[in-house]
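Structural overview for review
For reference, the chains in residue letters:
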Amino acid sequence: LGMGMKGWLVKIGFKSGKWQKRFFVLDGSVLIYSASTTSSSEKGQIVLEESSICEAIPAGLSVPLDALGPGVKSRAPVGPHSLKVSSPYRAGWRSYVLQAAGERERDEWIAAISAAIPRGSALGAGLLGVANSGLLTASGKPLAALPASGFAGVQPRATVSNTGPPRAALIDALRSLEPLVPPGMCGYLVTDAPTAGSLGEKHGLKAYDLITHFDDTAVQPETTQEIFAAAKQQAFRTTGAFALTVYSLQSETTRVVSIRAADGAGNPSLGLVTSMLPINPFALLGTAASSVLVTRGFTRAGEKYVDAGLHPVDGPCTAANAEIFVRVFRVAGADVVDHGEYHPLYSYDRLPEPLFIEAFLRESPSNTPARRVPLPSTRGRA
């Protein structure tokens, strides 16, 4: 592949926590950075994969923890005109925070990097849809038809496309499938035929398959795309195989699928489009279901945070709730961990990275166990 965009950016050092000027060259799906304009001074590479994300990050925020090495602290917050590139790295996930000279240059870099992220093949329309409305389970129960691709017209960027609210038609179909899921089971439902030639197709995955475990990890509503991608990458690099436990809604049986990548394939895509199932208030923020969720809010009193009662998870920022904070959890490798951080519950425009909070059902917060759910990625203002 030929050379793409190139130029100077300021990058946060993974090991030093210092902001350092680096010369970046976008070569195909690899972003190379060096201490000077010569290739002999190369410092590192950012390999873009299907699950990689490139986006703007607001000035003044703390540097994301996954952009820094263990025990490393940033000496300054994120500066103006910054962007963040997140991509699988070794056994986990790593972010790279970069600062451009101006807003226009930042936007040009975001556009160029986003265009360089490998994309899965387009999924054909109508692979499922009404043609499958007559399908039955092994015990004779009807299987609801699934809209083609689940996210019609969208090419899957990620290994598991469980980010963002599904379309209304897909939500309706998924809700009708919920009674077919055994009690206590949760997973990624494959909502379309895998991409032609993909590992998912080669290993027999198909629509109405529910991925309940990957390796020894059970899928939970808070299992994000990043967690799944990191586990897949680690498995391929350490053992060359990625084990999935799959329950078929159609045959009502469970099987283990050991997915093996070709030699030298690195971290290939599975070619799947999926949605979390069962759908419940904890699994689908961004839909009407999120209105039934509440979380414990706090107000800041000096260096401490004081309990301010329960507040709805959903809703715009207003003058009355602008000072309400919530305790947040961050993705770290294959887990969601608590670093004792607080974040505004409403007073923000867009999250630069996924954050999780503990939430309860509004109807019975005292009797409902807390579940970790994503903090909405964007907020409106009343």
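What counts and what doesn't
Residues numbered from 1 in each chain as written. Predicted model: local features only at pLDDT ≥ 70, side-chain atom pairs only at ≥ 80, totals over all residues. Heavy atoms only, no water. Helix = DSSP H or I, 4+ residues; strand = E, 2+ residues; numbered from the N terminus. Buried < 20%, exposed > 50% of the residue type's maximum accessible area, 1.4 Å probe, protein only. Contact = heavy atoms within 4.5 Å. Areas by Shrake-Rupley, 256 points an atom, 1.4 Å probe, with all protein chains shown as cover. Polar contact = N/O pair within 3.5 Å; in protein donor to acceptor, adjacent residues only side chain to side chain. Phe/Tyr/Trp six-rings, centres within 6.5 Å; stacked < 30°, edge-to-face > 60°. Lys NZ or Arg CZ within 6 Å of the ring centre and 35° of its normal. pLDDT = per-residue confidence, 0-100. 1 Å grid on protein atoms, 1.4 Å probe; cavity = no way out; pocket = protein on both sides within 12 Å on 5 of 7 lines; lining within 4 Å. Points joined across faces, edges and corners; volume = space filled by probe spheres on them. Nonpolar A, V, L, I, M, F, W, Y, C, P; charged D, E, K, R; others polar. Salt bridge = Lys/Arg side-chain N within 4 Å of Asp/Glu carboxyl O. Core = buried A, V, L, I, M, F, W, Y, C linked by side-chain atoms within 4.5 Å. Expected span 1.5 Å × (residues − 1). Arc of directions from axis to C-beta.

Regarding the overall build of the chain
- Scanning the chain for helices and strands turns up four helices and 19 strands.
- When burial is assessed residue by residue, the chain has 50% of its 382 residues classed as buried.
- Across the chain, every contact between residues at least 6 apart in sequence was considered, and the portion connecting residues at least 24 apart equals 64%.
- Total accessible area computed for the chain in this model is approximately 17100 Å², and 53% of it derives from carbon and sulfur atoms.

What to know about the side chain of Ser95
- Within the fold, Ser95 resides in strand β7 (residues 92–99).
- For Ser95, a relative accessible area of 2% translates into the label buried.
- A distance of 2.8 Å separates the side chain of Ser95 from the side chain of Ser86, its partner in a polar contact.
- Once residues lying within four places of it in the same chain are set aside, the contact partners of Ser95 are Asp66, Ala67, Lys84, Val85 and Ser86.

Digging into the packing of aromatic side chains
- Taken as a whole and assessed by the stated rule, the structure comprises 11 aromatic pairs.
- Pairing Tyr305 with Phe325 gives two aromatic rings, centres 5.5 Å apart and planes at 65°, and the pair type is edge-to-face. With Tyr305 in strand β15 (residues 304–312) and Phe325 in strand β16 (residues 325–332), this pair connects stretches of sequence that are 20 residues apart.
- For Tyr305, a relative accessible area of 25% translates into the label partly exposed.
- Feature note: the residues Tyr188, Phe214, Phe228, Phe236 and Phe242 constitute an aromatic cluster, connected by ring pairs.
- One Lys or Arg, Lys21, reaches over the ring of Trp8 and ends 5.1 Å from the middle of that ring.
- The ring of Phe14 is capped by Arg94, whose NZ or CZ atom sits 4.0 Å from the centre of that ring.

A few points about unusual backbone geometry
- With a phi close to 60°, His81 is a non-glycine residue in the positive phi region.
- You can see His81 is positioned in the loop between β5 (53–57) and β6 (82–89).
- Positive phi outside glycine occurs at Tyr208, with the angle close to 80°.
- Relative to the elements of secondary structure, Tyr208 occurs in the loop between α3 (199–202) and β9 (209–214).
- With relative accessibility at 2%, the residue Tyr208 sits in the buried group.

A word on the confidence of the model for the chain
- Taken as a whole, the chain shows an average pLDDT of 77; of its residues, 75% reach a score of 70 or greater.
- For the chain, per-element mean pLDDT is lowest for strand β19 (residues 371–374), which scores 70, and highest for strand β2 (residues 19–27), which scores 93.
- Here residues 149–167 is a poorly scored stretch, pLDDT under 50, and it has 62 contacts once near neighbours within four places are set aside; other chains count.

What about the layout of surface pockets?
- Put simply, the second largest pocket is a space of about 440 Å³.
- Going through the elements one at a time, β16 and β17 (335–344) are the ones with two or more residues in the lining of the second largest pocket.
- Of all the elements, β17 adds the most residues to the lining of the second largest pocket, at five residues.
- Classifying every residue of the lining of the second largest pocket gives 11 nonpolar, five polar and six charged.

Here we look at the pattern of salt bridges
- Evaluation of the coordinates by the stated rule reveals eight salt bridges.
- Between Glu55 and Lys84 there is a salt bridge; the shortest N-O distance is 3.9 Å. One end of the pair, Glu55, is in strand β5; the other, Lys84, is in strand β6, and 29 residues separate them in sequence. Neither Glu55 nor Lys84 differs from the other in exposure class; each is buried.
- A salt bridge links Asp107 to Arg106, with the nearest nitrogen and oxygen atoms 3.0 Å apart.
- On the basis of relative accessible area, Asp107 is assigned to the partly exposed category, the value being 36%.
- On the basis of relative accessibility, which here comes to 15%, the residue Arg106 falls in the buried class.
- Within this structure, Glu55, Lys84 and Arg350 form a network of salt bridges that share partners.

Quick notes on the nonpolar core
- Phe214, Phe228, Phe242, Leu244, Ile259 and Leu270 are the most contacted members of the largest nonpolar core, which has 21 residues in total.
- Elements that contribute at least two residues to this core include exactly β8 (187–190), β9, α4 (225–238), β11 (241–248) and β12 (253–260).
- When residues of this core are assigned to their parent elements, the largest contribution, five residues, is made by α4.
- Other than its neighbours up to four places away in sequence, Leu244 contacts Leu205, Ile211, His213, Phe214, Phe228, Arg255, Val256, Val257, Ile259 and Leu270.

Focus on helix α1 (residues 103–116)
- In this model α1 runs 20 Å from its N-terminal to its C-terminal C-alpha over 14 residues, within 8% of the 20 Å that 1.5 Å per residue would give.
- The complete set of buried residues in α1 reads Arg106, Trp109, Ile110, Ile113, Ser114 and Ala116. All buried residues of α1 fall inside an arc of 155° around its axis, so they share one side. Across α1 from its buried face, at more than 90 degrees, point the exposed residues Arg104 and Ala115.

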